[in-house]
Amino acid sequence: GNSAVDGQKLRLKYVPKPSPGQSYFAGANLEIGRVGHRLSENPWNGELKGIAGFRTDRWTLPANANLGFKVSGPVASPPTLDLASKIAYKTDQGYQIGAESYNELGELRRLGRLNQQSQTLFAVIDATVHGWDINFGLGRGFTSASDRWLLKAILSVPFGR
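What you see is a predicted model; the values in this text were computed from it and never measured.

> Before we go on, may I ask you to explain the environment of Leu39 in this structure?
Topologically, Leu39 is positioned in the loop between β2 (24-35) and β3 (44-55). Judged by its relative accessible area of 45%, Leu39 falls in the partly exposed class. Remark: the alpha-carbon pair of Leu39 and Arg140, spanning 101 residues in sequence, is separated by 17 Å.

Rendered as structure tokens:
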């Protein structure tokens, strides 16, 4: 019954431009962010993501392995592992529609059972507006550890284009 903004992140992503005719891609992503106490007793956290995927003229199919870690805070917090994936279709108008899946696996040293971790599926739209990339999604959690409904927005500021 309550809505809240629980944090923000700074993201640095590097995915090299593929060679002509190359469908596969790979890259990395580093995120540092501050989240609300409701989400973590340690306000500053980070994620290091390995990115791999496949792209055609219309379809994009990426997957990420995400290593989460504490940057600062009073509580001991071991690294965690998440897996994320996406399927997106590029429309004739140039934007993409698709689905994204976010799946927590738990602490790296002892991965948990999937039904005890957050599992969320998002319906998403991706668009480029005046060179800025926008990802907007509505998500639904599927386990008791998941938020029931989520709204997400990612605004990517272009550098070096």
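Now that the structure is up, let's keep going.
> Whenever I open this one, unusual backbone geometry confuses me. Can you help?
Backbone phi values are negative for most residues with the exception of glycine, while trans is the configuration of most peptide bonds. Within the chain, His130 stands out as a residue other than glycine whose phi angle is a positive 55 degrees. Locating His130 in the fold gives a position in the loop between β8 (119-129) and β9 (132-141). The exposure class assigned to His130 is exposed, which follows from its relative accessible area of 78%.

> Help me out: how do you make sense of the side chain of Lys49 in this one?
Note on placement: Lys49 falls in strand β3. In this structure the side chain of Lys49 is engaged in a polar contact, spanning 3.3 Å, whose partner is the side chain of Glu31. If sequence neighbours within four positions are ignored, Lys49 has contacts with Arg11, Gly27, Ala28, Asn29, Glu31, Asn64, Ala65 and Asn66.

> Would you mind showing me how to read the pairing of strand β4 (residues 59-72) here?
Here is the key point about a regular strand: its side chains alternate between the two faces of the sheet. Judged from the 12 bridges that link them, β3 and β4 form a sheet pairing that is antiparallel. What sits directly across from Ile51, in β4, is Asn64. Linking β3 to β4, which pair antiparallel, is a turn of 3 residues. One ladder, built from 8 bridges, connects β4 with strand β5 (residues 80-90); its direction is antiparallel. Across the sheet, residue Leu67 finds its bridge partner in β5, namely Leu81.

Cut-off values and rules
Residues numbered from 1 in each chain as written. Predicted model: local features only at pLDDT ≥ 70, side-chain atom pairs only at ≥ 80, totals over all residues. Heavy atoms only, no water. Helix = DSSP H or I, 4+ residues; strand = E, 2+ residues; numbered from the N terminus. Buried < 20%, exposed > 50% of the residue type's maximum accessible area, 1.4 Å probe, protein only. Polar contact = N/O pair within 3.5 Å; in protein donor to acceptor, adjacent residues only side chain to side chain. Contact = heavy atoms within 4.5 Å. Pairing = 2+ DSSP bridges.

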